[in-house]
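Residue strings, one per chain:
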Amino acid sequence: MVNSQVAGGVCVSRSCAGCGGRIADRFLLFSMERYWHTHCLKCSCCQAQLGDIGSSCYSKGGMILCRTDYIRLFGHTGACSACGQSIPASEMVMRAQGNVYHLKCFSCATCRNQLVPGDRFHYVNGTIFCEHDRPGAALLNTHLQSNPVLPDQKVSACFYFTL
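Residues numbered from 1 in each chain as written. Predicted model: local features only at pLDDT ≥ 70, side-chain atom pairs only at ≥ 80, totals over all residues. Heavy atoms only, no water.

## Focus: the nonpolar core
So, step 1. Core analysis: the largest hydrophobic core is formed by 17 residues, its most contacted members being Trp36, Leu41, Leu50, Ile64, Leu65 and Phe74.
So, step 2. Counting only elements with at least two residues in this core, the list comes to strand E4 (27–31), strand E7 (63–65) and helix H2 (67–74).
So, step 3. Ignoring sequence-local partners within four residues, the contact set of Ile64 consists of Met32, Trp36, Leu41, Lys42, Cys43, Ser44, Leu50, Cys57 and Tyr58.
So, step 4. Counting 15 residues, the second largest nonpolar core, distinct from the first, contains Ala96, Tyr101, Phe121 and Tyr123. (Core = buried A, V, L, I, M, F, W, Y, C linked by side-chain atoms within 4.5 Å. Buried < 20%, exposed > 50% of the residue type's maximum accessible area, 1.4 Å probe, protein only. Helix = DSSP H or I, 4+ residues; strand = E, 2+ residues; numbered from the N terminus. Contact = heavy atoms within 4.5 Å.)

If you want it as structure tokens, here you go:
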């Protein structure tokens, strides 16, 4: 995103990609190969005016996002925490401990059963286990003493992002 001042006071007629109106303001934004009024380039989720909160914005699946909402929706990389592949904006995802997963990748590390909303799971050292396959207390005491074991959790939501 580039915040530009009209050069030399010469006004070149440009249309705003947000509202379609003519940009006659002293300042304008250029993002995603289009021009915007400073008040029109907004995050699709929180409606924050992106020119006011930083010098960058993110675009995925037709959405324009601030950094906070991009990370909230797609994780730090926009990739699945299990397989590392990109997650399309229109795909449903599962979340655990701040990580984002494809539905098919959100599965027990032992039995490989896919977990669905309502299933109980355990998150141990970044690994997901179904309720049945949680590592036993002896294993936890022997191998995981220095690492936190998070309490039981319940899969409670899938998110669906529309284009």
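And the narrative resumes.
## Some points on the packing of aromatic side chains
So, step 1. Per the counting criterion, the structure on display carries four aromatic pairs.
So, step 2. The interplanar angle of 80 degrees and the centroid separation of 5.4 Å between the aromatic rings of Phe106 and Phe121 together place this pair among those described as edge-to-face. Note that Phe106 is positioned in the loop between strand E9 (99–102) and strand E10 (120–124) and Phe121 in strand E10, a separation of 15 residues in sequence.
So, step 3. An aromatic cluster is present here, built from Tyr101, Phe106 and Phe121 joined pairwise through their rings.
So, step 4. Its end group placed over the ring of Tyr35, Arg14 keeps NZ or CZ at 4.1 Å from the ring centre. (Phe/Tyr/Trp six-rings, centres within 6.5 Å; stacked < 30°, edge-to-face > 60°. Lys NZ or Arg CZ within 6 Å of the ring centre and 35° of its normal.)

## Quick notes on the side chain of His102
So, step 1. Note on placement: His102 falls in strand E9.
So, step 2. Judged by relative accessible area, which is 4%, His102 ranks as buried.
So, step 3. In terms of polar contacts, His102 uses its side chain to reach the backbone carbonyl oxygen of Ser86, at 3.2 Å.
So, step 4. In contact with His102, other than residues within four places in its own chain, are Cys80, Cys83, Gln85, Ser86, Ile87 and Glu91. (Polar contact = N/O pair within 3.5 Å; in protein donor to acceptor, adjacent residues only side chain to side chain.)

## A closer look at the pairing of E4
So, step 1. Sheet topology note: the E4/strand E5 (residues 34–36) ladder contains three bridges and is antiparallel. Across the sheet, residue Ser31 finds its bridge partner in E5, namely Arg34.
So, step 2. Turn length for the E4-E5 hairpin, with the two strands adjacent in sequence and antiparallel, is two residues, and the turn residue Met32 shows positive phi of about 55 degrees. (Pairing = 2+ DSSP bridges.)

## Some details on the pattern of salt bridges
So, step 1. In total, this model carries one salt bridge according to the counting rule given.
So, step 2. Glu131 is the partner of Arg120 in a salt bridge, and the nearest nitrogen-oxygen pair spans 3.7 Å. On the criterion of sequence distance, the pair formed by Arg120 in strand E10 and Glu131 in the loop between strand E11 (127–130) and helix H3 (137–143) is long-range, its members being eleven residues apart.
So, step 3. Given a relative accessible area of 33%, Arg120 falls into the partly exposed group. (Salt bridge = Lys/Arg side-chain N within 4 Å of Asp/Glu carboxyl O.)

## Section: the state of the cysteines
So, step 1. Taken as a whole and judged by the stated rule, the model has zero disulfides.
So, step 2. Cysteine Cys19 shares no disulfide, and the gap to the nearest cysteine sulfur, in Cys40, comes to 3.9 Å.
So, step 3. Judged by relative accessible area, Cys19 falls into the partly exposed class, the value being 48%.
So, step 4. Note on Cys80: no disulfide assigned, nearest cysteine sulfur contributed by Cys105 at a separation of 3.8 Å. (Disulfide = S-S within 2.5 Å.)

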